[in-house]
Amino acid sequence: MSNYFKKDIGIILLLTVLFFAILPFFYMHQGLLSIDTGREFYIPQQMLKGEILYRDIFNIYGAFSYQLNAILFKILGVEFKTLYCAGILNSLGIIITLYLLAREFLAKNISALFSITIMFSLVFTTFLYNSNVPYTYSIAYALSSFLLSILFLIKYIKSENSKMAYLACLFAGISLSNKYEFTLY
């Protein structure tokens, strides 16, 4: 696996630098908090106050994202920036994972172009649907864990390394615990 990253580290670094070079133009200018997105900040905050998900708090999404966000609030503080930064890191993970998945089937240049296109259409948009401040973090976390699961599954099929199968199953479980990626499996 380390050899796999060594041959693509230049493109991965380029994607990361491009990502963080563009980020200041969009930082804290994404999401529509007046349209239902406030739930993503309210529910983890209430969980920290002792409310119990599904018993005290009505929710239609999987529990994992709210539990993860509550942990982030506990560690980093209950602020909008906490979840925004979590969304940024998740978005970067999605872009890099998409590049690595594309590299399984395409050339470096086309894979990089594909990732840059996804970066501008998924991450750097100011509309309701972006991966930094998504409509629901359940979908964003499920997408990133689903993509990682597929990447490790492909790696397992190609190498028959059992560690890759375990990682594929772990990320598949995380994706399923977010609820929205059932149909992809």
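Note: the structure precedes this text.
Residues numbered from 1 in each chain as written. Predicted model: local features only at pLDDT ≥ 70, side-chain atom pairs only at ≥ 80, totals over all residues. Heavy atoms only, no water.

Here's the deal with the overall build of the protein chain
The helix and strand tally for the protein chain stands at eight helices and zero strands. For the protein chain, with 185 residues in total, the buried portion stands at 48%. Split by element, the accessible area of the protein chain, about 9,800 Å² in all, is 69% carbon and sulfur. (Helix = DSSP H or I, 4+ residues; strand = E, 2+ residues; numbered from the N terminus. Buried < 20%, exposed > 50% of the residue type's maximum accessible area, 1.4 Å probe, protein only. Areas by Shrake-Rupley, 256 points an atom, 1.4 Å probe, with all protein chains shown as cover.)

Points about the packing of helix α4 (residues 64-76) against helix α5 (residues 80-103)
Axis separation between α4 and α5 bottoms out at 9 Å; the angle between their running directions is 120°. If you check the angle between α4 and α5, you find them oblique. Helix-helix and strand crossings are classified by hand; for α4 and α5 the assignment is right-handed. Facing α4, whose interface residues are N69, L72, F73 and L76, α5 presents T82, L83 and A86. Its residues assigned to classes, the contact of α4 with α5 comprises five nonpolar, two polar and no charged. (Axes fitted to C-alpha atoms, helices over the stretch in contact; angles between N-to-C directions. Parallel < 35°, antiparallel > 145°, perpendicular 65-115°, else oblique. Left-handed = near helix turned anticlockwise from the far one by under 90°. Contact = heavy atoms within 4.5 Å. Nonpolar A, V, L, I, M, F, W, Y, C, P; charged D, E, K, R; others polar.)

A word on α5
It helps to recall that an α-helix has 3.6 residues per turn; residues three or four apart then point in one direction. Between its first and last C-alpha atoms α5 spans 35 Å; for 24 residues at 1.5 Å apiece the expected length is 34 Å, and the two agree. Burial runs high along α5: 19 of the 24 residues are buried. (Expected span 1.5 Å × (residues − 1).)

Some points on the nonpolar core
Ranked by internal contacts, the top residues of the largest apolar core, which has 34 residues, are F19, F41, Y99, L100, M119, F124 and L147. If you list the elements that add at least two residues to this core, you get α1 (2-26), α4, α5, α6 (108-123) and α7 (137-159). Ranked by size, the runner-up nonpolar core spans eight residues in total, among them I57, A63, Y66 and A70. (Core = buried A, V, L, I, M, F, W, Y, C linked by side-chain atoms within 4.5 Å.)

Observations regarding the pattern of salt bridges
All chains considered together, the criterion is met by four salt bridges. For E104, the salt bridge is made with K155, and the minimal N-O distance between the two is 2.8 Å. Residue E104 is found in the loop between α5 and α6, and its partner K155 is found in helix α7; the two are separated by 51 residues along the sequence. Side by side, E104 and K155 carry an identical accessibility label, which is buried. Residues joined in a network through salt bridges with shared partners are E104, K155 and K158. (Salt bridge = Lys/Arg side-chain N within 4 Å of Asp/Glu carboxyl O.)

Some remarks on the side chain of D8
Mapping D8 onto the fold places it in helix α1. Among all residues touching D8, those that are not within four sequence positions of it are Y99, R103 and K108.

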